[in-house]
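What follows is the residue order along each chain.
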Amino acid sequence: MEWVLAEALLSQSRDPRVLLGALCRGEASAERVETLRFLLQRLEDEAARGGDAGALPEAAREVAAGYLVPLLRGLRGRPAGGSEPGPPGRQRRRVLRAAGAALRSCARLAGGPQLAAALAEEALRDLLAVWPASGLEGAVEVLAAVGPCLRPCEDGPLLQRVAEAALAVALGGHGDGDEAGPAEDAAALVAGRLLPALGQCGGAALRAVWGGLVAPGMPSGPGRVGPKLLVLSALAEKLLPEPGADGGPGAREAGPDARRCGRFWRTVQAGLGRAEDALTRKRARYLLQRAVEVSAELGADCACACAPQEGNGPSLFWWSDKKKDELLKFWENYILIMETLEGNQIHVIKPVLPKLNSLFECAVSEGNGCWLFHPSWHMCIYKRMFESENKILTKEGVIHFLELYETKVLPFSPELSEFIIGPLMDALSESSLYSRSPGQLIGSGSPLGLKLQKFLVTFISLLPEEIKSSFLLRFIQKMTSRHWCAIPILFLSKALASVPRCKALGIEGLLALRDVLQCTMITHQILLRGAAQCYLLQTAMNLVDVEKVSLSDISTFLMSLRQEESLGRGTSLWTELCDWLRVNEGCFRRLSTCSSTGLSETASLNAYVRNLVQEYVKSPAWERENCFMPDWFEARLVAMMVLLAVDVEGMKIQYSEKRRTQNVLRIFLDPLLDALMKFGTNAYMPLLKTDRCLQLLLKLLHTCLLKGSSTQDDEVCTLLQNFVMSTTESISEFILRRLTMNELSSVSDLDRCHLYLMVLTELINLHVKVGWKRGNPIWRVISPLKNASIRHLQEMDSGQEPTLGRQVQRVVSMAALAMVCEAIDQKPELQLDSLDAGPTERFLSSLQPNQTLQKPHTEEPSSFFEESSSSQGWGKIVAQYIHDQWVCLSFLLKKYHSLIPPSEGEVLEPVLPAVQMPIRTLQSALEALTVLPSDQVLPVFQCMKILVPKLLTSSESLCIESFDMAWKIISSLSNTQLIFWSNLKAFVQFVFDTKVLTIAAKIKGQAYFKIKEIMYKIIEMSALKTGVFNTLISYCCQSWIVSPSNVSQESLSSAKNYSELVLEACIFGTVFRRDQRLIQDVQTFVENLGRDCAANVVIENTKREDHYVRICAVKFLCLLDGSNMSHKLFMEDLAIKLLDKDEVVSKSRTRYYVNSQQHRVKNRIWQTLLVLFPRFDQNFLNRIIDKIFQAGFINNQASIKYFIEWIIILILHKFPQFLPKFWDCFSYGEENLKTSICTFLSVLSHLDIITQNIPEKKLILKQALIIVLQWCFNHNFSIRLYALVALKKIWNMCKTMHVEEFDALTSVIESSLNQVENMHGAGNAKKNWQRIQEHFFFATFHPLKDYCLETIFYILPRLSGLVEDEWIAIGKFTSFTDIPLDAGFQWYLSSTQLCDLEPGDWAQQDRGFNSGEADDQSEWTDVQKKIIPWKNNVPDLDLELAFQDRAAKLGKSISRLIVVASLIDKPTNLGGLCRTCEVFGALVLVVGSLHCVKDKQFQHLSVSAEQWLPLVEVKPPQLIDYLQQKKAEGYTIIGVEQTAKSLDLTQYCFPEKSLLLLGNEREGIPANLIQQLDVCVEIPQQGIIRSLNVHVSGALLIWEYTRQQLLKHGDTES
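Comments concerning the overall build of the protein chain
Part 1 of the argument: Summing up its helical and strand segments, the protein chain has 75 helices and nine strands in all.
Part 2 of the argument: A buried classification covers 55% of the 1614 residues belonging to the protein chain.
Part 3 of the argument: In the protein chain, the proportion of contacts linking residues at least 24 apart, taken out of those at least 6 apart, comes to 76%.

Written as structure tokens, this is what we have:
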């Protein structure tokens, strides 16, 4: 066409200057410039054939300089790229392309290279002038046009400069944002237009680009991979040339061969494994594929040069013609896997994973076990999987990698080690990967965690010895590189602890392990944290080379462990550590110099510990009397090492005399005991020394306590206590002097006061334990301490000026008095005098509550403010002072609670004001709650507990205010704070005290409703803070119980008013988020390890899981006695409320999913009713039987049906008089029974149990047969099955009893049963009949023998498909000791074979038997491949090419079909159409607005099709003009609509140039547009619905058009 037009123009005038001049005048439209282009190309062809040039060169130069270059410069003002998506932007690009091509012809016609060089120089200046700003198009087009005209030799420097500039633009275009910016557009333009043109020049230009790409100093990193691959893709034809390209093999040899360059392959691998965008990954795959294809076609051997650091392993890429087939298969499978991973769909990817196994088999030589292919290629696949957005795919990739060593032994490779420490560990940090597999029981452990353990053990055992140490060190250091969650750090630590013993870690490794321990401290899950510490200590014992670390290093490392969470004395871990120290005692590294503690190192543990104690007790020379108290770290370290050394010694002399242990301990503690013995006599002993000695004493006493066993049998603990008691007199006299003689006068001394009081408390405990004697030293100290404290406090009230020393002494005296009160309160044997109110009690009672301390004057040289800033603030000191006041008041109120009057008016002259004026005291308590911080309110709560029951009747509003104030404090706390649980317990004990509940229920005032309001708030809080409701229900149930066999009559009568509490407890349990369930699973796994994990022994099981709320309520109900009227009324009230709750839940949602919250609540309701059932009598059942039967008519989940059926069977068995009501249930009408009749038929299948106590069974059997036979012929197959099961069981009863009356029915019944038993074939009917008979409810379950808690709460939920969260193992009932076991405990356990059954009833087995067969295949024969085939896999080299050019480069077949969707509104339909049009190669998709492509719904459906398909914007009002224009271009306008004259799609033959007009979703095609149509086509329908979705309709017509065109082209080719 263009050739003909050029000939026509030349025929008009043979003077080219005239023609060219005419075309260069006027507006520079696309048509005009394109005409100029093909005219110049025609003239160029003539000149090439030897035609007379004449004035042509001059004319060409004029056109270039006077028209084309100014034109290109004028167009550069607008940004290059997609900022103009509409027609003007495309027109501009057409002008640019045409002008560039015309300029190339001008350069060739100019008669010499000068014009091309000049234009290139000028364009290069323009390029460098505007970059990195926008507007590069003109300069790029000029350079792309004239570049091929430059001479490789003469213009070599110019070409090199152009190439360097082009490379700089291309590589500088990768922005950090999500959207493409001008720099990225410029990079794409240069890569798509300029670099391919420079590639054609070869020589200097190509070498310059290639040199820049592979230069050693080139910046690298994830952000540089995309631009590099863009450039490499653009030059792929030159860097990876095919045979014969550019003049044959000789030409290829002159240029660079990318296959031989390691940097090229590293870039490709980075694109495959790490690139975030799909286009970059696609370019990397293309380069790999092209390299393979080129290698196969060339046939010559080649190998990539290895970098020196890569050692002697295989090349990154190599080719051998002898192994061509194997190599092709390897790379084909490799690229297939990489392409499949782009889908992110696990069902598509999983079948391809076996091919990854075959890649490993191909990659390792069978002969010498070496790598044939570089392992980094395999790692790229795993990187891609690990970085997937789909976490299931990530988990699949991690598991696949961890399973590698289970079936094969891979040779060592540094790449593998780097991969494990890098991407693998990054992937392992994701907690969700450690979830259980479907079907696994809770607490069975993470499959991935087990695989990780096996993998690490195998991998490290295969590592060369010289590499093992460095790998383990880096592995552990990686664990410190981030804040890991609790679950990943636990399983990584467990895997490390499983590594076989080896001397791999030195001091650096020990420090790294210590850093990991500190990382584990940030998590809130204490049990997981403790378990991780246990495993990390085991790791240290297994892997540390003791010859490289000293005992000092070991002791410092051990201090990183929390003794209260892991390393407790008496645990298996402690024993293991002692054994390790014993075995390695003489091997530890010695230090010639002195350590920081001043003691010289020795390898002997005993000598080290002896020196340690001696140095610790020494007083440092730098001490000053007013210094702060020393840190506790050293005391903890020394105490732990002393006890470890003693226990190690105990292991050595296990069977010899026990006196040696006493001697060893005495030797260790001699310096300490000597110092302690001098406390009472040496008044000048350095203060710091006394502090340190007392700290060590306390830590020894705390650390020596055995965890998990009695300390009475512990020889070391007994010896230590005896040693300490021998020093009691000296210590107590020292403490008495320090506390009472005004020696504590600074703020820092308050810490010492706390230390002294803790020591005194410990000494009191010791003496009480061995037996209290009135003359012992502690007894002699308590009375003077109390009297001196009172005297000090009375003196301070005399109005003296508040200096710092006086105020500190006041705080000390109050603290001492509080300690004495607490000690006497907890140990009545310490009571000093009679119970009559003495001077002490009168003083305490006269204390002004909440009396604050005035800030002291700062006359002392050492400023108080300076001191308090580094110690406690004054506010904290005042809070402690007020706290101690309330401790004393609490003691007083407990001691004289009987003297508290119900109102203040009754005592005129109170002897004890705080006791006898309770209203004033309670008001003071409310004030205290507003002043005190939340960690100091416990004694105030304890006072309220005593006061509120006395005042609730007379001062209800004040009591309600106290409830509100206390609740405000509790609700503001977080359940992760240590003080939360103690405060909550105290709050519950005071608000829900039995006396308070009884009085509130009796008066039924505002307090009663306030208590219920708080109760529901606590239950609501439990949804967020697990364990809150446990505290409440446990306390209430315990307070309502006097003994296991005696529940208090009075307390139960009050409990009846709060039965909602027990009701809510019976149905309590939240549905947790997935991450919460995972944490609970792993915690259960750790608990199941038992004593093997020291954390289970050390950390107290608080039983805060939701299960224990229900367990507590159920155990409480089991203790109730049905013969006790109070108990009976309570249970009946609870049962009615449970049934009402069931009705409310059923009405709230008529249909609910299995394991939903509604399902769980209903399930718990019926479980509780089953527990209560034995206490129901006939009169009560008369009231509720209709509700129970009514529940059977509701459409329930399977587990609930079983419970309802079970309770009906038990009722009918115990009270047969309810059988008439049961028969009535079968006559409700078929419509009402169609979903529920199976429930009542299931009950009938247990008729033998129901009639067990009935002497005359004939009438009942007859009634049952009549009813069942009716249902045996029901049209519903399931109902027939249930009826036949019941019929078979009833008929067997009849035959056993030989009832002659039923002989008439024998033939009907026997034929029915024979027919179902002898069904032919292996269809579902026969299988379901077999399955329902084998179902546990009909085959194994016995309603009477299986009646036990284990069946109700564990076996039945497990067999009926309830989620594991709802299974409560019977062990949890027995381990919950807050509520005692009832006398009939034996009924907790199941004694039948039901507990041995596995879930798998007839309903669940319909899933089929072959579902897992395909997964077992080693490699699938065929796989889904939603990817572009190999031959079409060339990436987009030029984002700015016209769509037709791009399609051609992609190998796509573009049709002449136009799809017009301007009338469609919904983005989903437009997105789907866009995808369909792209898949079938439509020419263009017309939409009403191009803004639709930014819509998220559009993008979700189009999956990036808009990037590969031309989109044109034509608004609906412009459609008539557009359709008429297309008609003029020869298109047939086809409407997709049902009209009177529409043609059947199956009969219509589409012209090649077809335009499909699609209608609006609701209104179709408007009438005015129907008039523009050439034809209407409709889709034949068979159904009732009037029309299809518009996207579906369009897709059907697009496919039919495509099918017809394919058939036509096939016929043409044949």
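Having seen it, we continue.
Remarks on the pairing of strand β3 (residues 1458–1461)
Part 1 of the argument: The alternating pattern of β3 places I1458 and V1460 on one face and V1459 and A1461 on the opposite face, and all of these are buried.
Part 2 of the argument: For the crossover from β3 across helix α71 (residues 1467–1479) to strand β4 (residues 1484–1487), the handedness is right-handed.
Part 3 of the argument: Strand direction decides the pairing type here: β3 and strand β8 (residues 1554–1558), joined by three bridges, are parallel. Within the sheet, the bridge partner assigned to V1460 lies in β8 and is L1557.

Focus: helix α37 (residues 777–796)
Part 1 of the argument: The terminal C-alpha atoms of α37, which comprises 20 residues, lie 29 Å apart, in line with the 28 Å expected from a rise of 1.5 Å per residue.
Part 2 of the argument: Every buried residue belonging to α37 is among P777, I778, V781, I782, L785, K786, A788, S789, I790, H792, L793 and M796, and all of these are buried.
Part 3 of the argument: Contact partners of the buried residues in α37: α35 (728–740), α36 (749–770), α38 (804–826), α39 (839–846) and α41 (874–895).

Let's talk about the nonpolar core
Part 1 of the argument: Judged by nonpolar contacts, the single largest core of 497 residues is most densely connected at F401 and F992.
Part 2 of the argument: At 14 residues, the largest contribution of residues to this core is made by α38.
Part 3 of the argument: Not counting residues up to four positions away in its chain, the partners in contact with F992 are L997, I1011, I1014, M1015, I1018, L1032, Y1035 and C1036.

Topic: the side chain of Q885
Part 1 of the argument: Position of Q885 relative to the elements: it lies in helix α41.
Part 2 of the argument: According to the relative accessible area criterion, Q885 is buried, its value standing at 2%.
Part 3 of the argument: Excluding residues that lie within four positions of it along the chain, Q885 makes contacts with M814, Q848, P849, N850 and Q851.

Concerning the pattern of salt bridges
Part 1 of the argument: Taken as a whole and judged by the stated rule, the model has 48 salt bridges.
Part 2 of the argument: Ionic pairing is found between K1147 and E1143, a salt bridge with its closest N-O pair at 3.3 Å. In this pair, K1147 and E1143 both sit in helix α55 (residues 1125–1148), four residues apart, roughly one turn of the helix.
Part 3 of the argument: Look at E1143 and you get partly exposed, because its relative accessible area is 35%.
Part 4 of the argument: Residues participating in the shared-partner salt-bridge network are R1110, R1160, R1164, D1365 and E1366.

What to know about the environment of G226
Part 1 of the argument: Assignment of secondary structure puts G226 in helix α11 (residues 222–234).
Part 2 of the argument: Here the alpha-carbon distance between G226 and L171, two residues 55 residues apart in the chain, equals 8.5 Å.

What about the pairing of β8?
Part 1 of the argument: In terms of burial, β8 is a largely internal element, five of the five residues being buried.
Part 2 of the argument: Here β8 shows a buried face lined by S1554, L1556 and L1558 and a second buried face lined by L1555 and L1557.
Part 3 of the argument: Pairing of strand β6 (residues 1532–1536) with β8 involves five bridges; the strand directions are parallel. The partner of I1534 across the bridge, within β8, is L1556.

Considerations on the packing of helix α27 (residues 526–543) against helix α29 (residues 572–583)
Part 1 of the argument: Where α27 meets α29, the closest approach of the two axes is 11 Å, and the angle between their N-to-C directions is 15°. Classified by the interaxial angle, the pair formed by α27 and α29 is roughly parallel. Both α27 and α29 take part in a crossing whose hand is left-handed. Counted together, C534, L537, Q538 and M541 of α27 and L573, E576, L577 and W580 of α29 form the full contact between these two elements.
Part 2 of the argument: The residue makeup of the contact of α27 with α29, split by class, is six nonpolar, one polar and one charged.

Let's talk about helix α64 (residues 1277–1297)
Part 1 of the argument: End to end, α64 covers 30 Å across 21 residues, agreeing with the expected 30 Å (1.5 Å per residue, within 8%).
Part 2 of the argument: Of the residues making up α64, those classed as buried are I1279, L1281, Y1282, A1283, L1284, V1285, A1286, L1287, I1290, W1291, M1293 and C1294.
Part 3 of the argument: Where α64 starts, the residue carrying a side-chain oxygen 2.9 Å from the main-chain nitrogen of S1278 turns out to be N1276.
Part 4 of the argument: Positioned one or two residues after α64, H1298 has a phi angle of 55°, which is positive.

Some details on the confidence of the model for the protein chain
Part 1 of the argument: Averaged over all residues, the pLDDT of the protein chain equals 80, while 84% of them reach at least 70.
Part 2 of the argument: β3 holds the highest mean pLDDT among the elements of the protein chain, 96, whereas helix α40 (residues 864–870) holds the lowest, 43.
Part 3 of the argument: Ignoring residues within four places in sequence, the model shows residues 77–87, a span with pLDDT below 50, making 20 contacts including any to other chains.
Part 4 of the argument: Scored below 50 in pLDDT, residues 1426–1452 makes 65 contacts in the model with residues more than four places away or belonging to other chains.

Things to note about the packing of aromatic side chains
Part 1 of the argument: Throughout the structure, instances matching the rule amount to 65 aromatic pairs.
Part 2 of the argument: Where F471 meets F475, the ring centres are 6.0 Å apart and the plane angle is 40°; that geometry is what we call tilted. Note that F471 and F475 are positioned in helix α24 (residues 465–479) at a spacing of four residues, about one turn of the helix.
Part 3 of the argument: Take F475: its relative accessible area is 2%, and that puts it in the buried class.
Part 4 of the argument: Site record: aromatic cluster; members linked through ring pairs are F360, W371, Y382, F386, F401, Y405, F419, F455, F459, F471 and F475.
Part 5 of the argument: Positioned above the aromatic ring of W1508 is the side chain of K282, whose terminal nitrogen or guanidinium carbon lies 4.5 Å from the ring centre.

So, unusual backbone geometry
Backbone geometry follows two general trends: most residues other than glycine have a negative phi, and most peptide bonds adopt the trans configuration.
Part 1 of the argument: In the Ramachandran plot, N742 falls in the positive-phi region, its phi being about 60° despite a non-glycine side chain.
Part 2 of the argument: In this structure, N742 sits in the loop between α35 and α36.
Part 3 of the argument: At N1155, a position not held by glycine, the phi torsion is positive, near 70°.
Part 4 of the argument: Topologically, N1155 is positioned in the loop between α55 and α56 (1157–1172).

Notes on a nonpolar patch on the surface
Part 1 of the argument: On the surface, L1588, V1592 and L1596 cluster together into a nonpolar patch covering about 210 Å² of accessible area.
Part 2 of the argument: Take L1588: it is sitting in the loop between β9 (1575–1578) and α75 (1590–1613).
Part 3 of the argument: On the basis of relative accessible area, L1588 is assigned to the partly exposed category, the value being 40%.

Remarks on the state of the cysteines
Working definition of a disulfide: a covalent bond connecting the sulfur atoms of two cysteines.
Part 1 of the argument: Scanning all chains against the criterion turns up zero disulfides.
Part 2 of the argument: For C302, which is in no disulfide, the shortest distance to another cysteine sulfur is to C304 and amounts to 8.5 Å.
Part 3 of the argument: What makes C302 buried here is its relative accessible area of 5%.

Conventions adopted
Residues numbered from 1 in each chain as written. Predicted model: local features only at pLDDT ≥ 70, side-chain atom pairs only at ≥ 80, totals over all residues. Heavy atoms only, no water. Helix = DSSP H or I, 4+ residues; strand = E, 2+ residues; numbered from the N terminus. Buried < 20%, exposed > 50% of the residue type's maximum accessible area, 1.4 Å probe, protein only. Contact = heavy atoms within 4.5 Å. Right-handed = clockwise from strand over helix to strand, strands pointing away. Pairing = 2+ DSSP bridges. Expected span 1.5 Å × (residues − 1). Core = buried A, V, L, I, M, F, W, Y, C linked by side-chain atoms within 4.5 Å. Salt bridge = Lys/Arg side-chain N within 4 Å of Asp/Glu carboxyl O. Axes fitted to C-alpha atoms, helices over the stretch in contact; angles between N-to-C directions. Parallel < 35°, antiparallel > 145°, perpendicular 65-115°, else oblique. Left-handed = near helix turned anticlockwise from the far one by under 90°. Nonpolar A, V, L, I, M, F, W, Y, C, P; charged D, E, K, R; others polar. Polar contact = N/O pair within 3.5 Å; in protein donor to acceptor, adjacent residues only side chain to side chain. pLDDT = per-residue confidence, 0-100. Phe/Tyr/Trp six-rings, centres within 6.5 Å; stacked < 30°, edge-to-face > 60°. Lys NZ or Arg CZ within 6 Å of the ring centre and 35° of its normal. Patch = residues over 30% accessible without salt bridge, like charges linked within 9 Å, V, L, I, M, F, W, Y side chains within 5 Å. Areas by Shrake-Rupley, 256 points an atom, 1.4 Å probe, with all protein chains shown as cover. Disulfide = S-S within 2.5 Å.

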